[in-house]
Amino acid sequence: MSSIKEKFNQISPSEFFYRNRDLAGFSNPTRSLYTAVREFVENSLDACDQKGIFPDVHLSIKAVDPDAPDPKPYILTVKDNGPGIESKHVPLAFGTVLYGSKFGLKQARGMFGLGATMAILYGQITTNKPVYVKSSTDGKIQDEFELLLDIQKNKPVILKHNTKEVTKRGLSVSICLEGDYAKAGSKIKDYVYETSLITPYATITFDDPKGEKFHYSKIVNDMPPAPTIIRPHAHGIDVETIRRMMVESQFEIPNIDDAMVEKVRKDLGLAKNNLAFTGIMDKAKKRWKTLSKPVRVVIALMSFLKMDFDKLNKIRIEDIDVPNKKLYYWDFGDSQSKSVDMDPESQYYKQLTGTVQGETLTTFLTKRFQRIGPSTAVKFAEFAGFKPEKRMGSMTNEELVKLSDSLQKFEDFLSPDPSCLAPLGEEPLEKGIKKFFKPDFCAVIQRPASAYSGFPFIVEMGIAYGGEIRPGGPHVYRYANRIPLLYDEGSDVVLKVVNDTDWSRYKVKGDPPFVIVTHICSTRIPYKTVGKENVADRQEIERELRLGLQFLSRKLAAYMSKRGQAEMAKKRANLYAKYLPLIAQFCTELAGKTKEPNYKKLLEEEIIVDDKQI
Amino acid sequence: MTTNKSKDRKQKAIEKQQNIIDALKDHGAKVYGDLDNGQFPKFSIPSRSVSNIVYDKKLRQYILGNSAALRSSRNSSQLRSFTQLMWLAFFANRLTQEKKSSTLRDVYYSSQAFAIEFEDQSESDNIIVDLEAVLSKPREDFHIFPEERSSIFGDLNIEYTIPGYEGKRMNLSNHPDGYAIGPSLTTAELVDTSAEIVIAIEKGGLFTRFVEEQVDKKFKSIIINTGGQAPRSTRTLLKRLHDEMGLPVIVLTDGDVYGEHIAMVIKSGSANAAHLRELTVPDAKWVGVWATDIEKFKLPTIPMTESDIKRCYDLQSDPRYQEGIWKKELDVFLKIKRKAELEAFSKYGLTNITDKYLPQKLELAKSL
């Protein structure tokens, strides 16, 4: 039996992502190039959307050595006219992998900007070249950075930084990465094309490595309203999220260092003179109302410790054990841990427990979640079996699990607030479809907001037929949060709904020139895989898609039957023109006449009659 | 006497031709008039759907009921078949006027010269049946004939009426392979015969045997090979032999349900030709091979197939199979579920059928 020594190393977030880059879509040169394009373009569009700027995004991919075979290093540059990033934030934004504790929800293409950092990390790993960032927030001064990431320390290394006078605002990011354009090219072109359909208010330009230029100008002059940030919905929450929210809601025990002591003295008006313990307490009582929360906590601690400022400087608070009403501290003088009892009757006790144990359940619910009022919060507490005034900090693990479960199960919460969603809108969608496909027929619909598992969503759809659409339809263009979903469509919920439809019922037959566009907006799209290419078949989403498609299909059917009538009339006219002369010829001989009957007026009459029918 | 009779017949034939030509002209004139008046011309065609086919006990055959379908050139889905029907009338008119004949297959190909597309021959065959229904005349009357596969042999003198052969006579016992029953034979004058009976037989093999064994002489008969289900021209000829020459007709078939029905069609027509009334020989008699003969003559048998049995049940619901030997034999077939071919008699020697079986049956026929 040999003992195995295991070594536990803490790794930085950068290192974690480096080791798991497959998950983020950087598994091979083809996919990495495509993913990098997506991340930067989507960041640019998101930034512009948030500030209500019509995006003008310029994407360029250049081979470092055009003659080398793929895969090879490419320089990928994405330039936008967005708000830019303040100079002091640039290194952190691009030179660290951040993992945030964002609880606010709103619809955005990407989450937390992680993907862009991953792209930079991938570029640095494969080519060992820095990232170039140019940013101007005011359109006058531009900061130019050359950065590397220190992967182990998760810190940016600034190689160069200078400023320059410019005339345009915006951000430009340029990285060098190993890619395979020969394989990724068509995918990237599709991506740019389809993105411009769902962002008709944006101008997108793409210069590809072979010297081709793809330019899509904006075709609508209205920006869809920017989404607002909202608090999460109770149904969309888990234990871990509650834990993180509690950390945010709790007030930290202040670190009683020299600076803190100075602050307490100053606030009590005792900056110069030393008072004994009782004197300090008296003074505090008098000034209580003017004192800030951290100062109140220090005073409360002092009341139990019965110490003056000098003594306070010689200890460190270790733990506040509320259930056992004990206060533990380390005495530097005696070099040992000591404790005092806390009197629960003391007026300071409440101050301390309130700080340590955080908000009450009802306050936590009404303040931290959307659409929960005080009465609903009380009702919920009853439903979940908690006292409404129960402090969040006093919850055991089991109780947290119970709370989380109950939040999922309680049915009287209002449905999620869709104001955090930013659908494109029917008019821009219709304009986009008409401009892109030049169809004979087009119809769009935006379904009312709905929700799944506490996440609000809206489905928008468009349908187009005929015109310049190529046959072989329905061609399905899928979008989620204004991102085109290009691949892996077989397992997607949209395809499922489309394939379930019996198109012959809507008079669509054969090899139709037929396009369907779907856009699902949500604070969280339920992707089936990390590749963000297909949406899982949540029944609520499937239902909205189905209803939307049915509505549009009925409109299409009405159009098709009109179109069918017109075609039929034309066909009939042709039939008469073909057969009536033959009938005339045969009956002339049968009847033993020499001159054919005058059937021509019959032809003219027939066509007029049919015109009226349409 | 004979010349007078012949003249009568000739006159009759000419009248028949003229009737057809007149009927066609009437229809043509009506269509012409409609077109000239700015009206869409239309035809009324007796419906041949199953619901309109009824059995007439008096006539002892299937006939069409009263319902008729309107085929209008106004209706774009009927325009094509309307034009096809017009073309066929036009084509039949030319055939009849010029005394030329055409096969069903010919019709199909001739149509292509006039930009009338028939998708296949069955479509053109259908239009021919439509014209038959409109005129209430068999297609042979307007000179359209099926491919021939039946033949005749025996002492019968005929006189041709077809162009180029008018007045030429022929005795149908001069050629031992028999004579094909085609348009020239069906339209010929039947002059005279020494025969006293017509024997219709289902199979070519047996027909040859009967000629070899001189059944025509031994039994004073005319032998006709129907080649399976008798074609219309053969049924027309059988009817004429019966009606014009006063000869009784007996039918000899395989001992199975299909054989029984071949005899029934000669006697009382088929549902397919319910729109026509001149194709039946109501007095024709089926003399064998009966189901009861199979045991009586100890014939070698083969088991009935599924479809044989199904056919038996189908015929059980046919009004013509509700009495007499028709019902009796059908029931026995169903009971023994076995069948025997005419050739089965060869077990007892090649001439057994002509020496033993046929005389018995001819005797029996007199009492049927």
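How each quantity is defined
Once a new chain begins, its residue numbering starts again from 1 and follows that chain's sequence as written. Each chain is given a letter, starting from A, and each ligand a number, starting from 1, according to the order in which they appear as written. For this predicted model, a pLDDT threshold of at least 70 governs which residues receive local features, and a threshold of 80 or more governs which side-chain atom pairs are given and counted, while totals over whole chains, interfaces and linings are taken from all residues. Hydrogen atoms and water are omitted, and side-chain values are computed over all heavy atoms in the structure. Domain segmentation is taken from an automatic or database assignment of domains. When DSSP finds two or more bridges between a pair of strands, those strands are recorded as paired. Numbering goes from the N terminus for both helices and strands, where a helix is a DSSP run of H or I of at least four residues and a strand is a run of E of at least two. Simply put, an axis is a line fit to the C-alpha atoms, just over the touching stretch for a helix, and the angle between two N-to-C directions goes from 0 to 180 degrees. By the convention used here, residues are in contact when the closest approach between their heavy atoms is within 4.5 Å. Computed with a 1.4 Å rolling probe, the buried area is the accessible surface lost when two parts are put together, summed over both parts. Salt bridge, as used here: a side-chain nitrogen of Lys or Arg that lies within 4 Å of a carboxyl oxygen of Asp or Glu. In this description, a nonpolar core means a group of buried Ala, Val, Leu, Ile, Met, Phe, Trp, Tyr and Cys residues linked to one another through side-chain atoms lying within 4.5 Å. Throughout, exposure labels follow a simple rule: accessible area from a 1.4 Å probe, protein chains only, divided by the maximum for the residue type, with under 20% read as buried, over 50% as exposed, and the rest as partly exposed. Here a crossing is called left-handed whenever its near helix is offset anticlockwise from the far helix by less than a right angle, and right-handed whenever the offset is clockwise. For Phe, Tyr and Trp, where Trp contributes only its six-membered ring, two rings pair if their centres lie within 6.5 Å, and the inter-plane angle classes them as stacked under 30 degrees, edge-to-face over 60, or tilted in between. Sitting over a ring, as applied to charges here, requires NZ of Lys or CZ of Arg to be within 6 Å of the ring centre and within 35 degrees of the ring normal.

Caption draft 1: Quick look at the domain arrangement of chain A. According to the domain assignment, chain A consists of domain 1 (13–216), domain 2 (234–248 + 359–409), domain 3 (251–357) and domain 4 (418–560). Each of domain 2 of chain A and domain 4 of chain A has a C-alpha centre, and the two are 37 Å apart.

Caption draft 2: Region of interest: the sheet that holds strand β10 (residues 326–331) of chain A. All names here are of chain A. If you walk across this open sheet you meet the three strands as β9-β10-β11, and the pairing is antiparallel. Two strands lie at the open edges of the sheet, namely β9 (315–321) and β11 (336–341), each paired on one side alone. Averaged over all adjacent pairs, the angle separating strand axes in this sheet is 25 degrees, with direction ignored. In terms of strand pairing, β10 meets β11 through six bridges, oriented antiparallel. For Leu327, the partnering residue across the bridge sits in β11 and is Val340.

Caption draft 3: Structural detail: the domain arrangement of chain B. Residue and element names in this part refer to chain B. When its domains are assigned, chain B resolves into domain 1 (2–145) and domain 2 (195–367). The gap between the C-alpha centroids of domain 1 and domain 2 is 32 Å. If you look at the interface, domain 1 gives 18 residues, while domain 2 gives 17 residues. Taken together, the two surfaces of domain 1 and domain 2 that pack against each other cover about 1700 Å², and 56% of this comes from carbon and sulfur. Considering only the side of domain 1, the residues that lose the most area to domain 2 are Arg60, Gln61 and Tyr62, jointly responsible for 36% of the buried surface there. Summed over the shared surface of domain 1 and domain 2, the number is one salt bridge.

Caption draft 4: Spatial organisation of the interface of chain A and chain B. Listed by partner, the interface residues are 26 residues for chain A and 30 residues for chain B. Both faces considered, chain A and chain B share a buried interface measuring about 2500 Å² in area, 70% of it formed by carbon and sulfur atoms. On the chain A side of the contact with chain B, Tyr579(A), Phe586(A) and Leu590(A) bury the most area, a combined 28% of that side's loss. Here chain A and chain B share one salt bridge between them. Residue Arg94(B) pairs with Glu589(A) through a salt bridge whose shortest N-O separation is 2.7 Å.

Caption draft 5: Expanded view of the sheet that holds strand β14 (residues 249–252) of chain B. Residue and element names in this part refer to chain B. Pairing within the open sheet is mixed, and its six strands lie in the order β10-β7-β13-β12-β14-β15. Two strands lie at the open edges of the sheet, namely β10 (179–180) and β15 (285–288), each paired on one side alone. Pairing between strand β12 (residues 197–201) and β14: four bridges, direction parallel. Paired with Val198 across the bridge in β14 is Val249. The sheet strands contacting helix α6 (residues 204–212) are β7 (151–153), β12, β13 (221–225) and β14, and the helix crosses β13 at an angle near 155 degrees.

Caption draft 6: View of the side chain of Asp254(B). Looking at the secondary structure, you find Asp254(B) in the loop between β14 and α9 (257–268). Excluding residues within four positions of it along the chain, Asp254(B) makes contact with Glu202(B), Lys203(B), Gly259(B), Val289(B), Ala340(B), Glu341(B), Leu342(B) and Glu343(B).

Caption draft 7: Focus on the nonpolar core. Ile152(B), Leu156(B), Phe210(B), Ile222(B) and Leu241(B) are the most contacted members of the largest nonpolar core, which has 68 residues in total. Counting 61 residues, the second largest nonpolar core, distinct from the first, contains Leu171(A), Val173(A), Leu177(A) and Val517(A).

Caption draft 8: Looking closely at the pattern of salt bridges. Residue and element names in this part refer to chain A. Under the counting rule described, the total for this entry stands at 45 salt bridges over all chains. The partner of Lys263 in a salt bridge is Asp267, and the shortest N-O contact between them spans 3.7 Å. Of the two residues, Lys263 and Asp267 are both situated in helix α7 (residues 258–268); the distance of four residues between them amounts to about one turn of the helix. A relative accessible area of 25% places Asp267 in the partly exposed class. Between Asp334 and Lys338 there is a salt bridge; the shortest N-O distance is 2.4 Å. Exposure remark for Lys338: the relative accessible area of 23% places this residue in the partly exposed category. Taken together, the shared-partner salt bridges connect Lys496, Asp500, Asp537, Glu542 and Arg546 into one network.

Caption draft 9: Spatial organisation of the packing of helix α13 (residues 374–384) of chain A against helix α14 (residues 397–409) of chain A. All names here are of chain A. The contact between α13 and α14 brings their axes to 10 Å, and the two run at 120 degrees. Pair α13 / α14 crosses with right-handed handedness. When α13 is examined against α14, the residues Phe380, Phe383 and Ala384 are found in contact with a partner set consisting of Lys402, Leu403, Ser406, Leu407 and Lys409.

Caption draft 10: The environment of Val41(A), seen in detail. Residue and element names in this part refer to chain A. Along the chain, Val41 falls in helix α2 (residues 29–51). Owing to a relative accessible area of 3%, Val41 belongs among the buried residues under this scheme. Along the chain, Val41 and Ala116 lie 75 residues apart, while their C-alpha atoms are 9.5 Å from each other. Apart from the residues within four sequence positions on either side, Val41 is in contact with Leu59, Val78 and Tyr191.

Caption draft 11: Structural detail: the packing of aromatic side chains. Going through the model one piece at a time under the given rule, you end up with 39 aromatic pairs over all chains. Aromatic pair Phe26(A) and Tyr122(A): ring centres 5.4 Å apart, planes at 35 degrees, arrangement tilted. Of this pair, Phe26(A) sits in the loop between α1 (13–19) and α2 while Tyr122(A) sits in helix α4 (residues 114–127), placing them 96 residues apart in sequence. No difference in accessibility class separates Phe26(A) from Tyr122(A), as the two residues are buried. On the basis of an interplanar angle of 80 degrees and a centroid distance of 6.1 Å, the ring pair of Tyr321(B) and Trp326(B) is categorised as edge-to-face. Like Tyr321(B), the residue Trp326(B) is buried in the burial classification. These aromatic residues form a ring-pair network of at least three members: Phe586(A), Trp87(B), Phe90(B), Phe91(B), Phe114(B) and Phe118(B). A cation over an aromatic ring shows up here: Lys218(A) above the ring of Phe54(A), its NZ or CZ 4.3 Å from the ring centre. Lys402(A) extends its terminal NZ or CZ atom over the ring of Phe386(A), reaching a point 4.7 Å from the ring centre.

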